[in-house]
Amino acid sequence: MKIELHAHTAHSSACGRVEAAQGMAMYRDAGYDAVVITDHYNTHNLDRFPGAPLEQTRAWLGGYQQAKTAGETLGLRVLFGLEARLPGSENDYLIFGAEPEFVLENPQLHELDLPGLHALCRRYGALLVQAHPNRSMCTPAPHEHLDGVEVFNGNPRHDSHNDLTLSQAKRTPRLILTSGSDFHRPEDLARGGIVTDRDVRTSRDLADCLTSGDYTLIRTEE
């Protein structure tokens, strides 16, 4: 299976430029079998939606829901994820292995500190992975509060210093290593992800796959 681990929709990420259904068709045509929707979950994005925190979260879920519906028509598996940003930092954190209940039951999770978010992920059996930790404005987070690190980010508009991130991550062998396209615009398509022989059908399956290490990284810069 070929799986995209880092993709955004125009509905739920303010920086997204591709509607969910269009993006899923593009990934199907690019030969991917599954896409994880990791729309930005932060104050800036959520405040674009009206209502109390839970109402905002329900509206934010629209991007994933639209992508999932499109995927069912296209024969593409669409899994839930998110990219959270916490107070006082420009760092972003990808969360894998959760379902929408994770945000519906914790709509203000983006107000936690990093140890608190990591503890919350553990309670739900989810994985916390720092996205592009060496990109400008970001800082590598303490590894004790992470399950993994995105060692390849394929977004062509940013220098994420992927080689530096990989060398840093290898110093902590327990860390899960991930790759993602960071898809926002058409030119971001199919630049990252993983390939695995596992049959990944659910978010739980994905978390198990990443934990096992039974996959290879897609690194299009090589």
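It should be noted that the structure appears before, not after, this text.
**Student:** Explain the packing of aromatic side chains to me, and be specific about the residues and the numbers.
**Tutor:** In the structure shown here, the tally under the stated rule is six aromatic pairs. Here the aromatic rings of Y27 and F183 are separated by 5.3 Å at their centres, their planes lie at 80°, and the arrangement is edge-to-face. Of this pair, Y27 sits in helix α1 (residues 20-29) while F183 sits in the loop between β9 (176-180) and β10 (192-195); the two residues are 156 residues apart in sequence, bridging distant segments of the chain. The class of F183 is buried, set by a relative accessible area of 1%. For the pair Y64 and F80, a centre-to-centre distance of 5.3 Å together with 75° between the ring planes defines the contact as edge-to-face. Note that Y64 is positioned in helix α4 (residues 62-74) and F80 in strand β4 (residues 77-80), a separation of 16 residues in sequence. For Y64, a relative accessible area of 9% translates into the label buried. Accessibility expressed as a relative area gives 1% for F80, which makes it buried. What links up through ring pairs into an aromatic cluster is the set Y41, W60, Y64 and F80.

**Student:** With reference to specific residues and values, describe the sheet that holds strand β8 (residues 148-153).
**Tutor:** Whenever strands of a sheet pair, they do so through backbone hydrogen bonds, lying parallel or antiparallel. Strand order in this open sheet of six strands is β3-β5-β6-β7-β8-β9, and the pairing throughout is mixed. For this open sheet the edge positions go to β3 (40-41) and β9, each flanked by a neighbour on one side alone. One ladder, built from two bridges, connects β3 with strand β5 (residues 82-84); its direction is parallel. Bridge pairing in β5 links H40 to E83. Against the sheet, helix α7 (residues 162-169) engages β8 and β9, with an angle of about 155° to β8.

**Student:** Quick one: what's the story with helix α3 (residues 53-60), residue by residue and with numbers?
**Tutor:** Taken together, the buried positions of α3 are Q56, T57 and W60. Projection of α3 onto a plane perpendicular to its axis shows the buried side chains occupying an angular sector of 100°, all on one side. Against β3, α2 (43-46), α4, β4, β5 and α5 (101-104) lie the buried residues of α3.

**Student:** I'd like a rundown of unusual backbone geometry, residues and numbers included.
**Tutor:** If you check the backbone angles, H132 has positive phi at about 30° while not being a glycine. Along the chain, H132 turns up in the loop between β7 (127-131) and β8. Here the phi dihedral of A190 falls at roughly 60°; this positive angle occurs in a residue that is not glycine. Looking at the element boundaries, A190 is found in the loop between β9 and β10. Residue classification places A190 among the partly exposed residues on the basis of a relative accessible area of 25%.

**Student:** Please set out the layout of surface pockets residue by residue, giving values where relevant.
**Tutor:** Of the volumes computed, that of the largest pocket is approximately 420 Å³. Of the residues belonging to the lining of the largest pocket, the class tally is four nonpolar, nine polar and eight charged.

**Student:** Help me get a handle on the pairing of β8, residues and values and all.
**Tutor:** The buried fraction of β8 amounts to six of the six residues, a majority that puts the element mostly inside the structure. Strand direction decides the pairing type here: β7 and β8, joined by two bridges, are parallel. What sits directly across from Q130, in β8, is V149. Bridging between β8 and β9 involves five bridges; their strand directions are parallel. Residue pairing across strands places E150 opposite T178, the latter belonging to β9. Read from β8 through α7 to β9, the crossover connection turns out right-handed.

Procedures and definitions
Starting afresh in each chain, residues are numbered from 1 along the sequence in its written order. This being a predicted model, a pLDDT of at least 70 is required before a residue's local features are given, and a value of 80 or more before pairs of side-chain atoms are given or counted; all residues contribute to the totals for chains, interfaces and linings. Just so you know, side-chain values use all the structure's heavy atoms and leave hydrogens and water out. In this scheme Phe, Tyr and Trp rings, the latter by its six-membered ring, pair at centre separations within 6.5 Å, and the angle between planes marks the pair as stacked below 30 degrees, edge-to-face above 60, and tilted otherwise. A helix here means a DSSP run of H or I that spans at least four residues, while a strand means a run of E at least two residues long, and both kinds are numbered starting from the N terminus. With a 1.4 Å probe rolled over the protein chains alone, any residue whose accessible area is under 20% of its type maximum counts as buried; one over 50% counts as exposed, and the rest are partly exposed. In this analysis, strands are considered paired if DSSP registers two or more bridges between them. Any two residues whose heavy atoms approach within 4.5 Å at even a single point are treated as in contact. What counts as an axis is a line fitted to C-alpha atoms, over the stretch in contact for a helix, and the angles between N-to-C directions run from 0 to 180 degrees. This arc describes the spread of directions from the helix axis toward the C-beta atoms. As defined here, a cavity is a set of points on a 1 Å grid over the protein atoms alone where a 1.4 Å probe fits but cannot get out. A pocket is an open set with protein on both sides within 12 Å along at least five of seven lines, and residues line them when an atom is within 4 Å of a point. Grid points are joined across faces, edges and corners, and a volume is the space filled by probe spheres set on the points. The classification used treats Ala, Val, Leu, Ile, Met, Phe, Trp, Tyr, Cys and Pro as nonpolar, Asp, Glu, Lys and Arg as charged, and all other residues, Gly among them, as polar. Call a crossover right-handed when, viewed with both strands pointing away from you, the route from the first strand across the helix to the second goes clockwise.

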